[in-house]
Structure formats: structure tokens, C-alpha cells
Amino acid sequence: MQEFTQEEKEFYMKEALKEANKAASNEEVPIGVVIVKDKKIIARSFNRRELDEKATHHAEICAIEIANEVVGNWRLIDCSLFVTIEPCVMCAGAIGLARLSHVYFGATNPKFGGTVSLYHILEDERLNHQVQVESGILEGECADIMQQFFRERRKKLKKKKNMI
């Protein structure tokens, strides 16, 4: 099992934030992910729903698919996922099914959160696999990028509405 220092957790979350910035530059909801095995990043991705026109292309799902190819297995045992925002219900389910060992996230997701805010899917003992969860890694930075994105989106919508 991988143990990370606080500095390592922050390093990996900064890498996830880089992915979130890629999402924002593509007008995607700015969520970024890296997956780590043996202290090496084996996969990285960002939300791609608009780019790929696929409802399921959340950052976590895309990164899991990349990691599956890298390790050559659907099981991502001894891998940790770092994500800027708390995973939704769909992503929490995929994380559990992929058998990841740990999830580290930045900010909570009070409207859609599947790990601590609304549900506790990853730590539910009724399921056959539990994932350890830690939140609050660079929480302010992770929350800020989301808030800025939606602030800008509302401005654009308001401007567009006023032009009609």
C-alpha cells in the first residue's frame, strides 16, 4: 500500500489541478485527475464530456480507462486517485469497481458528491470493496478553479441573454 507525505499529496494534487486547467481551457467543467502507482503518475485526464460528446467522460472515468491500459488489467490495486473535486456517484462507483485503494480529493461537491457530501459509496461496508478517502488536499485552490469557471459561465450566459 502506498503512503504519501503531505508534500507528495500536494504535488499530485497540483498535477490534477493542471488537468483541471486543461478542462477549463476547453470550456469543460474544470475537474482534473491523476492516478498514481508506485509513486509514479500512470494516468491523467480531465473532464471531456463536451469534447467527446459523451455523458460518462468525467475526468475519473477517462483516467481509469488510461490506467487500465497502462497496467494491462481492469483492477487498479495499489493505485491511488487524486482528483480536484469529490467524485460524483457514477465516478465513485467506477473507482470502487476498478479496485483503487485510495482517493484523495480537494474540495467537496455538495450537489453531486458520492464519497462524503451526499453518499459514502467508497467506504460503504455493504460493498465488496472499500476505498480509503481523504479530502481537503489543496482545497482552496480546487474550489477556486470551480468557482471561477462557473462565475465566468454565468457572465457569458447573462451577456448572451442581454443580447437577445
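Going by what an unreviewed UniProt entry lists, the chain is known as tRNA-specific adenosine deaminase and is assigned to Lactococcus fujiensis JCM 16395. The Catalytic activity (unreviewed entry) field of the UniProt record for the chain holds the comment "adenosine(34) in tRNA + H2O + H(+) = inosine(34) in tRNA + NH4(+)".

Visitor: Explain the nonpolar core to me, please; I cannot follow it from the model alone.
Guide: In globular proteins that are soluble, nonpolar side chains generally tend to be buried together. Counting 45 residues, the largest nonpolar core has Ile35, Ile64, Leu81 and Leu100 as the members making the most contacts within it. Of all elements in the fold, only α1 (6-25), β1 (32-37), β2 (40-46), α3 (59-71), β3 (79-85), α4 (89-97), β4 (102-107) and α5 (139-163) reach the threshold of two or more residues within this core.

Visitor: What exactly am I supposed to notice about the sheet that holds β1 here?
Guide: Within a beta sheet, neighbouring strands are joined by backbone hydrogen bonds and run either parallel or antiparallel to one another. One open sheet accounts for five strands, arranged β2-β1-β3-β4-β5; its pairing is mixed. In this open sheet, the two strands that pair with only one neighbour each are β2 and β5 (132-135). Taken pair by pair, the neighbouring strands of this sheet meet at an average axis angle of 15 degrees, ignoring direction. Together, β1, β2 and β3 form the strand contacts of α3, whose direction differs from that of β2 by roughly 145 degrees.

Visitor: Would you explain the environment of Ile41 in this entry?
Guide: If you trace the backbone, Ile41 turns up in strand β2. A residue is classified by how much of its surface remains accessible, and Ile41, at 27% relative accessible area, is partly exposed. Along the backbone, Ile41 and Phe11 are 30 residues apart, and their C-alpha atoms lie at a distance of 11 Å. Ignoring sequence-local partners within four residues, the contact set of Ile41 consists of Tyr12, Glu15, Val34, Ile35 and Val36.

Thresholds, definitions, all that
Residues numbered from 1 in each chain as written. Predicted model: local features only at pLDDT ≥ 70, side-chain atom pairs only at ≥ 80, totals over all residues. Heavy atoms only, no water. UniProt positions renumbered as here; feature names shortened; annotations may be inferred. Core = buried A, V, L, I, M, F, W, Y, C linked by side-chain atoms within 4.5 Å. Buried < 20%, exposed > 50% of the residue type's maximum accessible area, 1.4 Å probe, protein only. Helix = DSSP H or I, 4+ residues; strand = E, 2+ residues; numbered from the N terminus. Pairing = 2+ DSSP bridges. Axes fitted to C-alpha atoms, helices over the stretch in contact; angles between N-to-C directions. Contact = heavy atoms within 4.5 Å.

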